[in-house]
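Each chain, letter by letter, is given below.
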Amino acid sequence: MLLIQVLGFLSYLSLALAKTHTFNFTASYISASPDGVKEKKVIAFNKQWPLPEIHVDKGDRVQLYLTNGLENKNTSLHFHGLFQRDTNYMDGPEYVTQCPILPGETYLYNFTVPDQAGSYWYHSHTGAQYGDGMRGAFIIHDKDEPYNYDEERVLTISEWYHDQYDNIFGEFLNRYNPTGAEPIPQNLLLNDTANATVNLEPGKT
């Protein structure tokens, strides 16, 4: 009986220590040239691009309000790698687990990350909008992680196309591409730029 009470208390304590992170994002187009070669329209959140890194702790709740300000395109959001146990309707693929977010509409992504930790990413799951920059790092920290280090860095690597995703999508999915060969990107980005500098200090992990 005592063991059950202790386990119940520990379960209550973990819930009490969990945080709720609330985000309010509006997706819209702005112009950017991350590789310094060609400017194009990218999908920003609150008129900022690159999209923000999202950091939470294991056990925390995420409440993300996404408003579609893309004028004439649907959108959605997927948290890549998260199991979404009992919250499959928060997984994001439009017409699969949710209806698309129509222009001018807002959708609430509301879920808890109880048993996962590590580096993930979030991105649109409508068409190939992530190719127009609708993507960002989603990091779940573990307060009881077994690793020792001095500093944590987030590094992202992404392909970059100079054309808009819907034009590329049309070239990819057509009968004149019978082998299904993927489009060749014009550049690669490190942390959403072609001119990234990563400073490392000797002796540090």
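Residues numbered from 1 in each chain as written. Predicted model: local features only at pLDDT ≥ 70, side-chain atom pairs only at ≥ 80, totals over all residues. Heavy atoms only, no water.

### Some remarks on the overall build of the protein
Check the secondary structure of the protein and you find 2 helices and 10 strands. Its helices and strands taken in sequence order, the protein reads α-β-β-β-β-β-β-β-β-β-α-β from the N to the C terminus. Taking all 205 residues of the protein together, 37% fall into the buried category. Excluding contacts between residues fewer than 6 apart, the proportion of contacts in the protein whose partners are at least 24 apart in sequence is 67%. By element, 54% of the accessible surface of the protein is carried by carbon and sulfur atoms, the whole surface being about 12,600 Å². Charged side chains of the protein number 14 positive and 25 negative; the gap between the two group centres comes to 3 Å. (Helix = DSSP H or I, 4+ residues; strand = E, 2+ residues; numbered from the N terminus. Buried < 20%, exposed > 50% of the residue type's maximum accessible area, 1.4 Å probe, protein only. Contact = heavy atoms within 4.5 Å. Areas by Shrake-Rupley, 256 points an atom, 1.4 Å probe, with all protein chains shown as cover. Lys, Arg positive; Asp, Glu negative; His and termini not counted. Charge placed at Lys NZ, Arg CZ, Asp CG, Glu CD.)

### Describing the pattern of salt bridges
For the structure shown, the criterion picks out 7 salt bridges. For the salt bridge of aspartate 166 with lysine 73, the shortest nitrogen-to-oxygen distance reads 3.5 Å. Here aspartate 166 is found in helix H2 (residues 165-172), whereas its partner lysine 73 is found in the loop between strand S4 (61-68) and strand S5 (78-80), with 93 residues between them in sequence. Residue classification places aspartate 166 among the partly exposed positions, given a relative accessible area of 34%. The exposure class assigned to lysine 73 is buried, which follows from its relative accessible area of 19%. The salt bridge involving aspartate 192 is made with arginine 135; its shortest N-O contact spans 2.7 Å. Placement of the pair is aspartate 192 in the segment after strand S10 (187-190) and arginine 135 in strand S8 (residues 135-141), with a sequence separation of 57 residues. Arginine 135 matches aspartate 192 in its accessibility class, with the two residues each being buried. (Salt bridge = Lys/Arg side-chain N within 4 Å of Asp/Glu carboxyl O.)

### Points about the sheet that holds strand S3 (residues 54-57)
Spatially, S3-S8-S7-S5 is the arrangement adopted by the 4 strands of the open sheet, whose pairing is mixed. Across the chains shown, the open sheet's two edge strands, defined by having one partner strand only, are S3 and S5. Here the strands of the sheet are splayed against their neighbours by 25° on average, with no regard to which way each runs. Sheet topology note: the S5/strand S7 (residues 118-123) ladder contains 3 bridges and is antiparallel. Note that in S7 the partner of phenylalanine 79 across the bridge is tyrosine 122. (Pairing = 2+ DSSP bridges. Axes fitted to C-alpha atoms, helices over the stretch in contact; angles between N-to-C directions.)

### Brief notes about the sheet that holds S4
In space, the 4 strands of this open sheet follow the order S2-S1-S4-S6, with mixed pairing throughout. Only two strands of the sheet have a single partner each, and these edge strands are strand S2 (40-45) and strand S6 (106-112). Shown here is a sheet whose adjacent strand axes are inclined to one another by a mean of 20°, direction ignored. Here S4 pairs with S6 via 7 bridges, running antiparallel. What sits directly across from threonine 67, in S6, is threonine 106.

### Some details on the packing of aromatic side chains
On inspection of all chains with the given rule, the structure shows 11 aromatic pairs. Look at phenylalanine 111 and phenylalanine 138: their rings are 6.5 Å apart centre to centre, the planes differ by 45°, and that puts the pair in the tilted class. With phenylalanine 111 in strand S6 and phenylalanine 138 in strand S8, this residue pair connects regions lying 27 residues apart in the sequence. Classification of phenylalanine 111 by relative accessible area gives buried; the value is 1%. Judged by relative accessible area, which is 0%, phenylalanine 138 ranks as buried. Geometry around tryptophan 160 places lysine 40 over its ring, the cationic atom sitting 4.7 Å from the centre. Note that lysine 41 overlies the ring of tyrosine 29, its terminal NZ or CZ placed 4.7 Å from the centroid. (Phe/Tyr/Trp six-rings, centres within 6.5 Å; stacked < 30°, edge-to-face > 60°. Lys NZ or Arg CZ within 6 Å of the ring centre and 35° of its normal.)

### A short note on the environment of proline 50
Here proline 50 is to be found in the loop between S2 and S3. Linking proline 50 and glutamine 116, residues 66 residues apart in sequence, is a C-alpha distance of 25 Å.

### Details of the confidence of the model for the protein
Taken residue by residue, the protein gives an average pLDDT of 91. The fraction at 70 or more is 92%. A low-confidence stretch, residues 9-13 stays under pLDDT 50, and its non-local contacts, those more than four residues away or across chains, total 0 contacts. (pLDDT = per-residue confidence, 0-100.)

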